[in-house]
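Residue-level structural notes
Chain by chain, the residues run as shown.
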Amino acid sequence: MVIGWGTGYDPLHVTPVFLRGLEDVSRLIWNPLCVQNLTGYLVKGALTPPLEEGKKIGICVRGCDSRSLVALIQEKLLSRESLHIFGIPCRGTLDVRRLMNESGLSQIRSVTIQGDHLVVQNDEEAHRFPLERFLARRCLRCRHPNPVIYDELVYQPITPRTAPEDAYRDVEAMEARSLQERHLFWSSELDRCIRCYACRNACPLCICQDRCIAETREPRWLTQRVNLPEKFLYHFIHALHLAGRCTECGECERVCPMEIPVTLIKEKLNQITRDLLHYEAGLDPEALPPLLTYNPNEAGI
Amino acid sequence: MRIGVFVCQCGTNIAGTVDTEAVARRAMEYADVVYATSYVYTCSEPGQQEIQRRIKEMNLQGVVVAACSPRMHEPTFRRAVERAGLNRYMFEMANIREHVSWISTDKEANTRKAMELVHMAVAKLRFNQPLFSSKVPINKRVLIIGAGVAGIQAALDCSDGGLDVVLVEKNPSIGGKMAQLDKTFPTIDCSSCILGPKMVDISQKENVTLHACSEVESVSGYVGNFKVQIRKKATYVNWNACTGCGECVRKCPSRKAPDPFNEHLATARAINIPFPQAIPKKAAINRDYCLHFTKGKCGVCKKICPVNAIDYDMQDELVSEEVGAIIVATGFDLFDHSVYGEYGGGRYPDVISGLQYERILSASGPFGGHIRRPSNGREPRDIVFIACVGSRDASVGRPYCSGVCCMYIAKQAILTRDHLPDSNCYVFYMDIRSPGKNYDEFVRRAQEEYGVQYIRGRVGKIYPRGDRMVVQGADTLLGIQVEVEADLVVLATGVEASAGAGELAEKLRISYDQYGFYMESHPKLRPVETNTAGVFLAGACQGPKDIPASVAQGSAAAAKVQALFARDAIETDPQVALVNERTCVGCLKCIMVCPFGAIQSKTLRDGSIKAEVLASVCQGCGLCNATCPPKAIQLQHATDNQILAELNILCA
Ligand SMILES: Cc1cc2nc3c(=O)[nH]c(=O)nc-3n(C[C@H](O)[C@H](O)[C@H](O)COP(=O)(O)OP(=O)(O)OC[C@H]3O[C@@H](n4cnc5c(N)ncnc54)[C@H](O)[C@@H]3O)c2cc1C
Ligand code: SF4
Ligand code: SF4
Ligand code: SF4
Ligand code: SF4
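**What about the overall build of chain B?**
Helices and strands together make up the secondary structure of chain B, namely 18 helices and 34 strands. The 652 residues of chain B split such that 54% are buried. A sequence separation of at least 24 residues applies to 69% of the contacts in chain B between residues at least 6 apart.

Structure representation (structure tokens):
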């Protein structure tokens with residue numbers, strides 16, 4: 001089986017496709033609307049049957065997704081041998097929701113990419129948008145557009161748009177605000193959280209699934225009560241479980257129905273991991289995330 | 001649950017600054033508390049009986065004692081509740097002395113804090129479960145790593161106690177640093193005369209297996225049941241055949257091999273027996289200098305050996321041993337004195353380390369016991385000793401005192417004056433540290449009877465003038481600069497952790513301090529134990545020590561092993577990690593972080609993977625619990641729910 005992207009319920013919305021035979025290949029597409037990180041299906045998808053001995057599963061990955069694979073391989077949740085990786089250097093994907101909100105489009109007939117523009121045809125007319133204007137936040141700060149592991153590279157590698165030293169500029173901008181402002185910001189953002197757990201479910205590295213302490217309540221870290229402290233606690237737990245592991249694929253933020261910038265919390269932790277432990281997640285399959293090791297001589301602490 | 005609370009007055013220790021009556025009254029309001037009282041000395045015999053009486057009378061299912069630090073009396077009270085029929089873990093202690101009454105005099109605030117602490121203990125107790133220890137059989141063999149005087153003493157004591165001993169020494173001979181010494185303070189008896197018989201004993205004990213030229217490769221298992229891999233390094237001489245006759249050594253044409261036993265004051269042959277009293281007295285080839293290995297020709301030793309012991313094809317060999325306890329006695333190494341560039345150690349042949357001087361003094365040393373200058377072989381007249389070279393100096397990362405240098409320079413100065421009555425001996429020192437039995441008297445003898453001149457002050461610089469050395473320093477007592485011309489300068493080189501101490505610690509899963517010395521379990525009360533059950537410490541590997549202290553700790557470690565082995569099985573501590581299989585997702589992150597290798601994975605019948613804790617290996621550190629995302633692995637008696645219950649009270 002090969003997992004990739006295909007057209008969804010309308011041409012603007014891409015959906016994951018699971019190719020089982022040659023006849024399915026025509027369903028496969030690749031364009032800036034292919035927004036999903038598909039690697040989660042490898043570890044938690046009921047959709048992917050257990051592998052037969054010696055068989056491989058194919059998967060299409062962008063730069064960011066490939067880092068998820070590396071992280072999963074590091075943690076032995078996947079074996080490299082069981083994968084056939086189609087790597088796609090990616091110029092950035094769109095924030096479809098923002099596009100919809102800002103353009104007010106509906107009844108979409110077709111979507112084409114023309115150079116660096118997106119052309120959307122609906123019942124009335126064709127609308128042209130510069131791609132750059134609607135790139136997702138994760139893509140605007142992307143340092144690894146080229147897959148870090150693959151068996152086949154589908155296009156030529158491209159130059160990253162963000163220099164490593166600019167990687168955490170969103171975090172830095174947030175930190176430039178006063179403590180009070182930040183408190184207000186996060187209180188109002190997180191207060192909108194409806195604890196649907198979409199962010200957790202979309203995260204390829206959140207592997208507890210229905211054993212997540214947010215739901216088992218065993219031990220009782222969280223309750224069902226709807227209040228801000230509980231929401232904060234949930235997000236802190238999510239972020240801490242990803243500390244030093246999160247590859248910043250941005251799925252958690254993309255899927256949040258309440259449009260809360262939850263990846264930013266993880267970005268802060270990753271910034272600390274980089275500065276303190278000189279580690280960047282999801283790059284080297286041989287390395288171990290620093291919080292998953294016991295090393296009394298840990299440098300940096 | 002029916003909970004009883006006992007608030008101790010500790011005479012006036014607690015009651016002086018805490019209203020214990022009020023604390024007890026308030027406790028009656030906490031959930032599940034059915035009885036609360038304040039008592040004058042809860043730990044006393046009547047106090048304990050009171051607890052037991054109330055447990056029976058009031059049908060208590062759990063007890064909280066608010067008193068002193070649990071370090072001392074938690075075991076006391078656990079036994080008390082056990083005598084009354086409760087499980088010992090249905091007990092909690094709130095520390096309202098060290099944490100409250102002793103640190104503040106504000107009675108009102110103290111009382112409030114005591115109430116909160118009691119409330120937290122009650123809240124936790126409501127989540128307590130009876131816990132039971134299990135028994136694992138003990139393999140009554142002991143591994144001793146390092147055969148200096150400490151390891152030798154431990155081995156002999158264990159052997160005398162009837163235990164099988166496996167002794168691993170990385171050098172070709174046992175004996176450690178003491179074998180290199182000439183005479184020993186404070187009695188000036190000959191080092192090899194007192195150590196020699198012990199070394200011979202080792203070779204004659206039937207229940208001691210000695211692996212020399214060997215190192216521990218890996219350690220697995222846990223107290224009572226360790227599995228150890230030992231790497232026996234290739235010596236290229238079959239030691240079963242070698243008689244130690246030394247024919248090969250005499251005939252070997254390669255004479256420029258290093259001689260670590262003589263601290264590089266001499267050279268050795270490529271095939272060598274380190275010293276005449278070596279145990280085992282066997283030859284070994286240094287392949288970096290052997291002409292057979294370097295040039296592919298020679299073979300003299302192979303031709304000459306009367307018992308045909310030479311084996312150029314020998315390979316390292318891995319041996320496995322199973323033991324129930326481990327004593328680490330890997331000793332120390334000397335500070336590298338060349339770090340002090342201004343002293344010129346390592347650059348000027350006549351500026352030497354303390355251990356080099358021991359070799360010069362020794363009758364079996366490079367100069368046959370005659371004091372000579374390494375540069376020209378002449379007898380020195382003026383000899384300067386400099387104390388604290390690599391000790392008590394934070395600027396070289398050695399802020400600690402090496403403990404033995406003040407004493408060994410006094411000894412060396414006395415011996416020098418003995419050998420060369422016409423010589424002048426000077427000692428530059430910071431302070432004199434001689435706090436042992438007969439130690440201060442010994443130093444005084446050096447000063448008063450032997451006329452050794454002690455100059456208090458640091459040496460700034462040593463440089464050559466003609467064929468002599470100029471030692472420039474300060475005399476801080478007289479407040480003047482002094483300059484001494486010397487023929488020989490002996491640096492009292494300090495003691496540091498032995499090379500490779502850190503790696504060995506990782507294998508044994510014991511901790512070490514920032515200088516590499518192994519950490520005892522408690523600096524005062526558990527100086528021989530480590531925090532890893534079944535692993536004990538002896539000698540200078542734990543910190544700088546002289547021979548008497550090293551021997552004492554060797555015996556102490558042996559006694560600890562015997563006490564451990566006096567039982568046939570050990571009870572495990574139930575306060576360990578436990579996996580809830582219903583919530584474990586099998587991610588095995590816990591295995592990655594466990595410092596003690598206490599977790600393994602297992603596959604259930606439905607094919608799902610779960611973590612499993614080896615209760616007897618787990619040390620209860622809690623790292624796994626902190627790491628486990630679904631919190632499926634919980635530390636018994638300190639579960640998340642118990643801690644959350646406490647926090648909820650605190651934050652309410
Ligand atoms: C110059 C000098 C003079 C001294 N004079 C005196 C004196 O007069 N009187 C006195 O009381 N004390 C004296 N001391 C102190 C004395 O040397 C020590 O107290 C004593 O040697 C400590 O014994 P030990 O067995 O702990 O360590 P060591 O003697 O260092 O023995 C450790 C042994 O372990 C071995 N080993 C190390 N690592 C490993 C490993 N990984 N695997 C296997 N084996 C290993 C080493 O090869 C060595 O044989 C002197 C020290 C110095 C430096
Ligand atoms: S936490 Fe968010 S950004 Fe990080 S790996 Fe998971 S989904 Fe991606
Ligand atoms: S996806 Fe958004 S709303 Fe849902 S739990 Fe996550 S942050 Fe909250
Ligand atoms: S970390 Fe937790 S969930 Fe993962 S294997 Fe260990 S106990 Fe199970
Ligand atoms: S508490 Fe967990 S990490 Fe610590 S020793 Fe036990 S099993 Fe290992």
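**A word on the site of ligand 3**
All residues adjacent to ligand 3 are C193(A), I194(A), R195(A), C196(A), Y197(A), A198(A), C199(A), H235(A), C256(A), P257(A), M258(A) and V262(A). Considered class by class, the residues forming the shell around ligand 3 number 10 nonpolar, one polar and one charged.

**A few points about the packing of helix α6 (residues 179-191) of chain A against helix α9 (residues 228-241) of chain A**
Residues and elements named next belong to chain A. Orientation of α6 relative to α9, taken along the N-to-C sense of each, is 95 degrees, at an axis distance of 9 Å. For the element pair α6 / α9, the angle class is roughly perpendicular. On α9, the residues touching W186, S187, L190 and D191 of α6 are L228, K231, F232 and H235. Split into classes, the residues belonging to the contact of α6 with α9 amount to four nonpolar, two polar and two charged.

**What to know about the side chain of S69(B)**
Topologically, S69(B) is positioned in the loop between β3 (62-67) and α3 (70-83). Beyond its immediate stretch of four places on either side in the chain, S69(B) contacts M93(B), N95(B) and E98(B).

**A few points about the nonpolar core**
Residue and element names in this part refer to chain B. Judged by nonpolar contacts, the single largest core of 63 residues is most densely connected at V142, V237, I271, I285 and I327. Within the residue set of this core, elements represented by two or more residues are β6 (141-145), α6 (149-160), β7 (164-168), α7 (191-204), α8 (247-251), β16 (284-285), β18 (325-328) and α15 (547-565). A per-element tally of this core places α6 first, with seven residues. Among the nonpolar cores identified, the runner-up in size contains 61 residues, and I145, F185, V490 and A505 belong to it.

**A word on the packing of helix α2 (residues 45-58) of chain B against α3(B)**
All names here are of chain B. Direction vectors running N to C along α2 and α3 enclose 40 degrees, while the axes themselves pass 9 Å from each other. You can see that α2 and α3 cross each other, and the crossing is right-handed. Counting all contacts with α2, which are made through Q48, I51, Q52, I55 and K56, the residues of α3 involved are T76, F77, A80, V81 and R83. The class makeup of the residues in the contact of α2 with α3 is five nonpolar, three polar and two charged.

**A word on the site of ligand 2**
Residues and elements named next belong to chain A. Around ligand 2 lies a shell formed by C203, L242, C246, T247, E248, C249, G250, E251, C252, T263 and K266. At the level of elements, α10 (251-255) and α11 (263-277) are the ones that each hand at least two residues to the shell around ligand 2. Partitioning the shell around ligand 2 into residue classes produces five nonpolar, three polar and three charged.

**Some words on the pattern of salt bridges**
Residue and element names in this part refer to chain A. Under the definition given, this model contains 67 salt bridges over all chains. Salt-bridge contacts for D170 lead to R137; the nearest nitrogen and oxygen are separated by 2.6 Å. Here D170 is found in helix α5 (residues 169-175), whereas its partner R137 is found in helix α4 (residues 137-140), with 33 residues between them in sequence. For D170, a relative accessible area of 24% puts it in the partly exposed group. Here E230 and R195 are joined by a salt bridge, their closest N and O atoms 3.8 Å apart. With E230 in helix α9 and R195 in the loop between α6 and α7 (198-202), the pair connects residues that are 35 residues apart, well separated along the chain. For E230, a relative accessible area of 10% gives the class buried. Taken together, the salt bridges that share partners define one network made up of R67, R137, R141, R143, D170, E248, E253, E267 and E280.

**A short note on the pairing of strand β1 (residues 3-8) of chain B**
For a regular strand, side chains alternate in direction, first toward one face of the sheet and then toward the other. Residues and elements named next belong to chain B. Of all six residues making up β1, six are buried, and the element is well covered by its neighbours. Along β1, one buried face is formed by I3, V5 and V7 and the opposite face, lined by G4, F6 and C8, is buried too. Where β1 lies against β3, five bridges are found, and the strand directions are parallel. Across the sheet, F6 pairs through a bridge with V65, a residue of β3. In the sheet, β1 pairs with strand β2 (residues 33-39) via six bridges, with the strands oriented parallel. Bridging across to β2, I3 finds its partner in V33.

**Remarks on the sheet that holds strand β25 (residues 468-475) of chain B**
Sheet strands pair via backbone hydrogen bonds, and the direction of the pair is either parallel or antiparallel. Residues and elements named next belong to chain B. Pairing within the open sheet is antiparallel, and its three strands lie in the order β24-β25-β26. The sheet is open, and its two borders are formed by β24 (459-465) and β26 (480-486), each paired with just one other strand. In this sheet, neighbouring strand axes are inclined to one another by 20 degrees on average, regardless of whether the strands run parallel or antiparallel. For β25 and β26, the ladder comprises seven bridges, and the chain directions are antiparallel. Within the sheet, the bridge partner assigned to V470 lies in β26 and is E485.

**A few points about a nonpolar patch on the surface**
Residue and element names in this part refer to chain A. Among the surface-exposed residues, L22, V25 and L28 lie close enough to one another that they form a single nonpolar patch of about 290 Å² accessible area. Among the structural elements, L22 can be located in the loop between β2 (14-19) and α1 (40-44). Given the relative accessible area of 77%, L22 is considered exposed.

**Let's talk about the sheet that holds strand β7 (residues 126-130) of chain A**
Residues and elements named next belong to chain A. One open sheet accounts for three strands, arranged β5-β6-β7; its pairing is antiparallel. In this open sheet, the two edge strands, each paired with only one partner strand, are β5 (108-114) and β7. Strand-to-strand twist in this sheet, taken as the mean axis angle between neighbours without regard to direction, amounts to 20 degrees. Note: β5 against strand β6 (residues 117-122), six bridges, orientation antiparallel. Of the residues in β6, the one forming a bridge with I113 is L118.

**Focus: the interface of chain B and chain A**
With 20 residues of chain B at the contact, the number on the chain A side is 21 residues. Surface buried jointly by chain B and chain A totals about 1800 Å² across both partners, of which 65% is contributed by carbon and sulfur atoms. Of all residues in chain B, the largest losses of buried area upon contact with chain A belong to K589(B), M592(B) and P629(B), amounting jointly to 29% of the total for that side. Remark: the boundary between chain B and chain A carries one salt bridge.

**Considerations on helix α1 (residues 20-27) of chain B**
Where α1(B) is concerned, the buried positions are T20(B), A22(B), V23(B), A24(B) and A27(B). On the buried face of α1(B), the contacting elements are β1, β2 and α5 (107-125) of chain B.

**Remarks on the environment of E247(B)**
On the secondary structure map, E247(B) appears in helix α8. Between the C-alpha atoms of E247(B) and C305(B), which are 58 residues apart in sequence, the distance is 6.7 Å.

**Section: the state of the cysteines**
All names here are of chain B. For the structure shown, the criterion picks out one disulfide over all chains. Disulfide pairing places C190 opposite C193 at an S-S distance of 2.4 Å. Note on the C190 and C193 pair: the S-S dihedral is about 80 degrees, so by sign convention the disulfide is right-handed.

**Structural notes on the environment of L635(B)**
Counting through the fold element by element, L635(B) comes out in strand β34 (residues 633-635). Spatially, the C-alpha atoms of L635(B) and C624(B) are 8.8 Å apart, while their sequence positions differ by 11 residues.

**Regarding unusual backbone geometry**
Residues E218(A) and P219(A) are joined by a peptide bond in cis, for which omega reads -5 degrees. Here P219(A) is to be found in the loop between α8 (213-216) and α9. Of note, the amide linkage connecting F185(B) to P186(B) takes the cis form, showing an omega dihedral of -5 degrees. The phi dihedral of H278(A) falls on the positive side, at around 50 degrees, and the residue is not glycine. The topology assignment puts H278(A) in the segment after α11.

Thresholds applied
Residues numbered from 1 in each chain as written. Chains lettered and ligands numbered in written order. Predicted model: local features only at pLDDT ≥ 70, side-chain atom pairs only at ≥ 80, totals over all residues. Heavy atoms only, no water. Helix = DSSP H or I, 4+ residues; strand = E, 2+ residues; numbered from the N terminus. Buried < 20%, exposed > 50% of the residue type's maximum accessible area, 1.4 Å probe, protein only. Contact = heavy atoms within 4.5 Å. Near = heavy atom within 4 Å. Nonpolar A, V, L, I, M, F, W, Y, C, P; charged D, E, K, R; others polar. Axes fitted to C-alpha atoms, helices over the stretch in contact; angles between N-to-C directions. Parallel < 35°, antiparallel > 145°, perpendicular 65-115°, else oblique. Core = buried A, V, L, I, M, F, W, Y, C linked by side-chain atoms within 4.5 Å. Left-handed = near helix turned anticlockwise from the far one by under 90°. Salt bridge = Lys/Arg side-chain N within 4 Å of Asp/Glu carboxyl O. Pairing = 2+ DSSP bridges. Patch = residues over 30% accessible without salt bridge, like charges linked within 9 Å, V, L, I, M, F, W, Y side chains within 5 Å. Areas by Shrake-Rupley, 256 points an atom, 1.4 Å probe, with all protein chains shown as cover. Buried area = accessible area lost by both parts, 1.4 Å probe. Disulfide = S-S within 2.5 Å.

Everything listed here is a matter of geometry and, on its own, says nothing about what the molecule does.
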